[in-house]
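Here are the chains, one letter per residue:
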Amino acid sequence: MFVSFFPQPKLFFSSAVFWSLVAILLWFFGGEQLGTVFGLPPTAEGVDKIVGVSLFWSKPFIWFYIYFAAIVFIFYGFWAWYRPHPWLNWSILGTSLILFVTYYQVQVSVAFNDWYGPFYDLIQKALGTPYSTTPWDFYSQLLTITWIALLAVTVGVLNRFFVSHWIFRWRTAMNDYYMANWEKLRRIEGASQRVQEDTMRFSTTMEGLGVSLVSSVMTLIAFLPVLLHLSENVTELPIVGSVPYSLVVVAIFWSLFGTTFLALVGIKLPGLEFRNQRVEAAYRKELVYGEDDMDRAQPPTVAELFRNVRKNYFRLYFHYVYFNVARIFYLQIDNIFPYIVLVPTMVAGKIKLGALNQILNSFDQVRSSFQYLVNSWPTIVELLSIYKRLRAFEATIHGEPLPDIDRRFAERQAQEPDPA
């Protein structure tokens, strides 16, 4: 699954994490200020933040682009020298581009959040004092957000186009790897489906989860300081009273609670999804054999296989009932939770409408990032079931023992004549 696309995967991913941490630490401990040497200094303290699309080609941003590119090409150069790989351009440079665009999209969210403050303060001013504003005040603010939105749409569309090609390259790498070992794999249950379908589903799901994880981490890095600053106006929480850095503390507590709660509730789902793919594959394979062999896919056999499909689906539906009850209940409470937290602050009149919207948006961004597992749990369940199926391929190629369910099926297949 990984060795086909990434060079020496265990060392590769370990080194990628290590190098990323080094790059982040270098940035925060001198790298950001290093841009001053090249005439690209960071934003000075006390200077108002740029609100608008010009933020993305300001000097601090241009220096970050250069810094990111340098870090990526150093990492790429090392692996190109240490362990050349036919898919190195896509696995390193392609992945780095996706990570960069993910960072860019997070910064777009920050730009939106910075715009909320002055815009909603303008609304409050207009509603509170008639004719204290002009139509152009509003049109200029709306024009500002329009340019940011257009940039976001353009980058998003181009990114999806590139990601589609990146996913198919990973699928191609897995397909080539498995087909090179087809003689070892062909008698594994559902081998054709695993090569044709599961490779695509695995690469697509891994890309989605990976980008979501990176986006969550980058969102935390971008919005936690914002939420920390906004916490200065929220000095009191319901029931518990005064808490330092209240918004950050509440976001972390509520998100960890939801993640732990739903992980425990849905602990059985990965195994059931895996079993579901198993019975579906057995049913489909018998029907495929029946297309060429009149002795296969007879009504009693097909009926028994379909009963297994039905039994497993009904069991899966039952377990998803209580999981969905827990998940939907939590997410519904989650929608009103920020307002519950802000009730004492709003009653005391400590914030304006603009600050309220900034707090709500920042709180939602941070909370959603901490709730990565909550939001991704159904996809993680699907990925684990696909991984278990492809893992049997890996075991066969490397001469490792098969999982019990695959071993039993292989033993039955060995006793049957080859349809070919």
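Residues numbered from 1 in each chain as written. Predicted model: local features only at pLDDT ≥ 70, side-chain atom pairs only at ≥ 80, totals over all residues. Heavy atoms only, no water.

A. Spotlight on the overall build of the chain. When its secondary structure is counted, the chain shows 12 helices and 2 strands. Its helices and strands taken in sequence order, the chain reads α-α-α-α-α-α-β-β-α-α-α-α-α-α from the N to the C terminus. Per-residue burial over the chain gives 42% buried out of 420 residues. Long-range pairs, those at least 24 residues apart, make up 78% of the contacts in the chain with a sequence separation of at least 6. Carbon together with sulfur atoms contributes 67% to the accessible area of the chain, which is approximately 23,100 Å² in total. (Helix = DSSP H or I, 4+ residues; strand = E, 2+ residues; numbered from the N terminus. Buried < 20%, exposed > 50% of the residue type's maximum accessible area, 1.4 Å probe, protein only. Contact = heavy atoms within 4.5 Å. Areas by Shrake-Rupley, 256 points an atom, 1.4 Å probe, with all protein chains shown as cover.)

B. Local environment of a nonpolar patch on the surface. Together, Val-17, Leu-21, Ile-24, Leu-25, Phe-28, Phe-29, Leu-213, Val-217 and Ile-221 make up a nonpolar patch on the protein surface, roughly 890 Å² of accessible area in all. At the level of secondary structure, the elements contributing two or more residues to the nonpolar patch comprise helix H1 (9–34) and helix H6 (191–230). Here the element with the most residues in the nonpolar patch is H1; it accounts for 6 residues. Following the sequence through the fold, Val-17 ends up in helix H1. (Patch = residues over 30% accessible without salt bridge, like charges linked within 9 Å, V, L, I, M, F, W, Y side chains within 5 Å. Salt bridge = Lys/Arg side-chain N within 4 Å of Asp/Glu carboxyl O.)

C. Local environment of unusual backbone geometry. The backbone phi angle of Gln-8 is positive, close to 45 degrees, even though this residue is not glycine. You can see Gln-8 is positioned in the segment before H1.

D. Expanded view of the packing of aromatic side chains. Enumeration according to the criterion identifies 41 aromatic pairs in this entry. Measuring from ring centre to ring centre gives 5.5 Å for Phe-12 and Trp-79, while their planes differ by 65 degrees; the resulting arrangement is edge-to-face. Of this pair, Phe-12 sits in helix H1 while Trp-79 is found in helix H2 (residues 59–82), placing the two residues 67 residues apart along the sequence. Of the two residues examined, Phe-12 and Trp-79, each falls in the buried class. Ring centres 5.1 Å apart and planes at 35 degrees place the aromatic pair Phe-56 and Tyr-104 in the tilted group. Residue Phe-56 is located in the loop between H1 and H2, and its partner Tyr-104 is located in helix H3 (residues 88–128); the two are separated by 48 residues in the primary sequence. (Phe/Tyr/Trp six-rings, centres within 6.5 Å; stacked < 30°, edge-to-face > 60°.)

E. Representation of the UniProt feature "transmembrane region" (unreviewed entry) in the chain within the structure. Per the UniProt record, the feature "transmembrane region" (unreviewed entry) sits at residues 12–30, 62–82, 87–106, 138–162, 209–231 and 243–267. In residues 62–82, the share of helix is 100% and the share of strand is 0%. The end C-alpha atoms are 31 Å apart. (UniProt positions renumbered as here; feature names shortened; annotations may be inferred.)

F. Looking closely at H2. Under the 1.5 Å per step criterion, the end-to-end length of H2 is 35 Å for 24 residues, consistent within 8% with the ideal 34 Å. Every buried residue of H2 is accounted for by Phe-61, Trp-63, Phe-64, Tyr-67, Ile-71, Val-72, Phe-75, Tyr-76 and Trp-79. (Expected span 1.5 Å × (residues − 1).)

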